[in-house]
Amino acid sequence: MSVLTSPRGKAEVVHCRRTEAQDIYCIKNLIRKFTQKLFGRLNVIYLLEKANLAVTLCNDKEEIMAQATFVDYPNWNVSHQDSWVSVFQELDSEIPCTPLNTLFLHLFVAVDEYSIGCCKEIIRTVFKAVPELHFIFLIVPSYMSLGSTLITVFEQVGSIPNLTYDKDFAVHICHRHNHYPQLHIRNARVEDHDDLMPIFLRHDTLLKETYGEYFLAELVEAQDEENHAVVCEVEGVAVGFMSVCSRVNMQLLHECFDLGPFHGLCIPHPDDVLQPPEELSIKGSQDAELGTSNLSSLKIVEEPREPVSPGALEGIQARIIEEATAEGLSAVHSESTSEMEDIENLSQRSTMGDTNGSVSCLSLASVSLSEQTSDFRPIYKGASAAFCIQLFCIEEKYEARSLDFMNFVFSLFPEKNFCTISVPHLTPEFALIQNFVKIVPFNNCTLEQDLYVFHRAGLLKSINIRLATSLDTPGVENLVSTLMLNKSILEDLKQYSKARRHHDGTPMKAFVAEVAEQIVGIAVIRDEMDVEYIRSHYNIEDFIYFSHHQREEHGHLYHFALNPVFRHYTKFFLKEILRLGYKSCLYYPVYPQIREGKFQSSYAHSLTSALHYLVPVRPRRQIVYPLEKLGINAPSKAVSKDPLNYALNHTNRKLTLEPKITVNAKIVVVGASSVGISFLETLVFCSHLKFSNLTLISTHGLPGKNLLGTEQRKFLASDHCFHDKDYALMSLCSWVNVVVGRMTAIDRAAKHVVLSKKEIVPYDHLILCTGQQYQVPCPTGADISQHVTNREIPNSRKQRYTDKVPCNHFTLNDEEDCCKALSWIRDNSIIAEGNVIVYGNTIDTYTTVETLLNIGVRGSYIHLVRPPPTSTVTCINNYSVESAVEDALSTAGVTIYRDALLAQWNDGQYPDPIHSACFTAPTKPFRLTCAMFFSFCEKNVDYETFKALNDACLVYDGRLVIDTKFHTNDIAIRAAGSLTKFSNKYYSNEWTHSSFSSKEIGFQLAAAMLSLFDPTLEPVTEPPADLDQLIPMYKGAKIQGGILPGSYHYLHIAKPAIPIPLEVQMAQSNFGLEIVTGNAKDGTYFRIHINQYKMVETITCLSKEPFPASNYICLFGQHEQLLNNLCARYEDKLIPDLYSYFTEPWCMALFHDRFIDLRKELRRILTSKEEEDLPSIEQLAWQIEAEEINLNEKPRKYLKRVFQETIYKSLVEKSILDYLHYNHYHLPMYARPGTI
């Protein structure tokens, strides 16, 4: 913060921030006639959309004092945006302006009284925010003076003509050195001690406590050829310190980090071993040949096949390419169907027989590497080419200039080409290391430090981005020669040089990055042709105002490769692509993949540094349209076509100079449950944060592999939190390291998780979301020959089965288990013969029986055995639905046994495999032959998980005990989901996370943790002690659904509640109203429960035909009047069928993903005071309730009259019409003014 003083002596405390959309109104109010003469008549919204940097200056009351907008090309049309460099270099040859170091001021407004101070503060802030920036140009008509404000920071350097009409414009310049100059770097002296010690002590006193009060002076005195100390100074005062050393523990670095792209930080040596032995690389070479072919509609990963050895070090120009491998980000498209079939054949699971090509992405690099090859470590014999930074500190005011140290320290070690620094991974990324390359650690690395590397060539500022030419082909070949799919880049480059268009006619452009006359980067873009699809299926409008971007300004990033030495120029490369390509937006899709391997790493989706400079875009929930009913009023095919299912990443002009906050904390999530996935999803889609150390430990990796393929019926019921397509749209694999394994222990002291094969995964924050699973039932051991009944059997439900699990016994907990069961059925002829026993009381027993019937198992071979219930509430809790399902089971020939307890397998003999199962019952025991046994007994915490928690001394009381903030008794370990229960101190044992929506629980868990990492969030205030005794109540719907016997499609949506039998609920006085149409047995059943407040509280559907479940979920929590006066219409017998009722055009807006935003906007209007002399509608309602107003009419009638007679009616109508207009591509069925 700074203090500005006006000429009259008034002071204002001000701060700068990025300009936001809500600033536009105030900016317009600050525009004067002089401003328009200086900058032209501007559309402020349009300007902010196309600006690279927009800065707003506010006072401590958040009132806007000034605003400035900067763009990377000139205004007033004095040159084309892609060719201004030559024009301005001719203007003054002594000003070395380049696209890297130059911006143009397109607008400046300020409060008159503080305008000079505001201008200087904004200019200083901009130079601080963009370290590479050295010049800011201002172009105004030559007949205009700058005025008293801008002239204080700008000076004229010449004039240039306008391209359109005959008029000259004056060019003014602002230099960095006048506002935020580069720092002077020199060798440290002992007398610098007094200046530097206060800076060190502000950060940490550990060094002083460890090495004494004068450790810094001793360090300076100890300088020699291997150790140097340097300082930066401002006006003779040392404000920063760096200690460097040429002794580096290379052996440790080679053991812990993948330094292949930098040749191990060593000088090349003839005896270097850079490749695995030939016999271990045969498989890799074969697959590499496959990888060079073009693949239709695939996103392909390119990883280096081998590190590149540097050649002779004869100057920086010859070293740039040779010392580092380029990384590739590539998308390959062709019409080669035969190659597509090869990939499909490679990715299919033979047991499933799935030939629909559902897998649209495959990591060839990851598939090709065998276990032995992936464990290979290069051996470097050459001398070290690196020095390290041992100690670094700088005053916060000058931190943005930290890179100024690097030129000087490299000069101290002329034979070294790399600078390294290691920092604890919990250290926030400070300005210096943001220019370094973070090195990927090996999987077995347990160091608590992150390693960063900077190459000497990275100091070069002569990087030039330009359109590629055919002469660049040799340089590009050299750059991408180590990439597995280099041919695709070269073919697209050739196609661009030949036709400037792709084979399908799409315009394309190729760009190269050039340093010292060598190619160090290549990018290929094409025009984005699916603009309407992107707008309608992704929340791209979180980042841009769509209407201000022309269709041709949307670009699709197809290839991106950049030498890692220059990775810190990635954003500049992207910015130049936008400028030179006349684009305002770039999109990069990542298609889903299946990975059959032990580790699903972040490399699986072409994760170069470029992807981390893009932002992931949230997918939008889509309306399921009744297209036939809508007819010509249906959305366009570009909107309603089948989804392409890819994760979208994006950047635009506004984001090119906006930094991300990197979070290096090791966040480890155990369990790929809906809670865990929701937690990860929330973190990943925080666009201003970059979580670099997210890890998921899961038994089968990430869900969403679609293993059952075209099988419509699933063995397990769904909670509708996530579907396979949702995982494809998120592409968590791009951001999360996935470790396939099972947690067996937690070492809280060492802060690491131990997996089943003794692998160790360290953590800073451990998130336990393992949930509960179906367990193998433990037979009671009763001998049914003694005619034992259930009453004579002791309660054995808590006993754990410890013997070998029979090979034909299945507990289904996820899709992998279901896939194995289906394979077993098909491989062992279960369909044709053999009894199948389904044992349990949950809804999954019904869905499993229906799946068995659907794949061909005869009903007479299926035995549904139900153990005695543990609750008075059944799994469906609706007699009409249960009766229809029971009849369907009877019709199919399925035998049902009730209140039966498992007594023995194979009459007490060896149970593997199971040939028979014995059960006791309330009356007569019975014995069933068995070819396959499905167990759906009550879920519980897996024993290995329990043992790991118990051995770690985490408080466990039937479930893992947590508080209201998800904490266990270890502050570093949080837990959520059905694994947990609230502490007894809350006296709410009936309520657990199982009572709520798993997706909402995961979101709230992430929200609770974001306060630790996100500096933009307000500090969390501790609640009062009395409120801390209340558990949080979440409001999201609890959903279950699936296909039940009789081919009934079932969906149940309800508010979170303690389970109560439906009959008991309906008998309560405040139950509300039940609306039912159709008949359950006919498959036309639709039930809606409206509570006493006229809100939709429960929805139950049972239908023979598929229905749009995602649409019906949107009805939960809506007022019945929003549903077109549902209650009144039902009472008037105008609704014979709710299924048909909710396909009528009027209700499509209810299903729209932004309808909730409309509701919030309308509520804001009614709760805000829109007229000075009139209270808000909400205030009127309160006054009526408090009897402060004497009414001669009914309150509802009075409020309605006030609403219609005042401004509120017009405001509400305008808001609704704006909503329909803005979302017309989704909602064309609504007539708007001017339609007719």
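Residues numbered from 1 in each chain as written. Predicted model: local features only at pLDDT ≥ 70, side-chain atom pairs only at ≥ 80, totals over all residues. Heavy atoms only, no water.

Within an unreviewed UniProt entry, the label attached to the chain reads Cilia and flagella associated protein 61, and the organism entered is Ailuropoda melanoleuca.

S.K.: Describe the packing of aromatic side chains, with residues and values.
M.R.: Using the criterion set out here, one finds 46 aromatic pairs in the structure. With 5.2 Å between their ring centres and 70° between their planes, phenylalanine 88 and phenylalanine 104 make a pair best called edge-to-face. Of the two residues, phenylalanine 88 is situated in helix 4 (residues 84-91) and phenylalanine 104 in strand 5 (residues 102-110); the sequence distance between them amounts to 16 residues. The exposure class assigned to phenylalanine 88 is buried, which follows from its relative accessible area of 2%. Aromatic side chains phenylalanine 1086 and tyrosine 1112 sit 5.1 Å apart centroid to centroid with 70° between the ring planes, which places their arrangement in the edge-to-face category. Of this pair, phenylalanine 1086 sits in strand 52 (residues 1084-1090) while tyrosine 1112 sits in helix 32 (residues 1109-1113); the two residues are 26 residues apart in sequence, bridging distant segments of the chain. Like tyrosine 1112, phenylalanine 1086 is buried. Through a chain of ring-to-ring contacts, three or more aromatic side chains come together here, namely Tyr801, Tyr839, Tyr897, Trp905, Phe919, Phe926 and Phe933. Over the aromatic face of tyrosine 774 sits the side chain of lysine 939, whose NZ or CZ is 4.9 Å from the ring centroid. Sitting above the plane of the phenylalanine 722 ring, lysine 999 keeps its charged end 4.9 Å from the centroid. (Phe/Tyr/Trp six-rings, centres within 6.5 Å; stacked < 30°, edge-to-face > 60°. Helix = DSSP H or I, 4+ residues; strand = E, 2+ residues; numbered from the N terminus. Buried < 20%, exposed > 50% of the residue type's maximum accessible area, 1.4 Å probe, protein only. Lys NZ or Arg CZ within 6 Å of the ring centre and 35° of its normal.)

S.K.: Run through the nonpolar core, naming residues and quoting values.
M.R.: Burial of nonpolar side chains together is a common tendency in soluble globular proteins. Membership of the largest hydrophobic core comes to 115 residues, with the highest contact counts inside it found for Phe679, Ile746 and Leu768. Apart from the residues lying within four places of it in its own chain, the contact partners of phenylalanine 679 are Ile667, Val669, Ile767, Gly1002, Leu1005, Ala1006 and Met1009. (Core = buried A, V, L, I, M, F, W, Y, C linked by side-chain atoms within 4.5 Å. Contact = heavy atoms within 4.5 Å.)

S.K.: Outline helix 17 (residues 473-480), supporting the account with residue identities and numerical values.
M.R.: Within the span of helix 17, buried status applies to Val476, Leu479 and Val480. Taken down its axis, helix 17 places every buried residue within 80° of arc, on the same side. Looking at the buried side of helix 17, the elements it contacts are helix 18 (486-499), strand 20 (508-515), strand 21 (518-527) and strand 22 (554-562). (Arc of directions from axis to C-beta.)

S.K.: I'd like a rundown of the sheet that holds strand 5, residues and numbers included.
M.R.: The sheet built from eight strands is open, its strands ordered 1-2-3-4-5-6-8-7 with mixed pairing. Each of the sheet's edge strands pairs with one partner strand only, and the pair in question is strand 1 (2-5) and strand 7 (155-161). Mean inter-strand twist for the sheet, computed between neighbouring axes without regard to direction, equals 35°. Judged from the six bridges that link them, strand 7 and strand 8 (residues 168-175) form a sheet pairing that is antiparallel. Note that in strand 8 the partner of glycine 158 across the bridge is valine 171. Across the sheet, helix 4 lies against strand 5, strand 6 (135-141), strand 7 and strand 8, angled at about 125° from strand 7, the strand it touches most. Packed on one face of the sheet, helix 5 (residues 115-129) meets strand 1, strand 2 (11-18), strand 3 (53-59), strand 4 (64-71), strand 5, strand 6 and strand 8 and runs near 45° to strand 4. (Pairing = 2+ DSSP bridges. Axes fitted to C-alpha atoms, helices over the stretch in contact; angles between N-to-C directions.)

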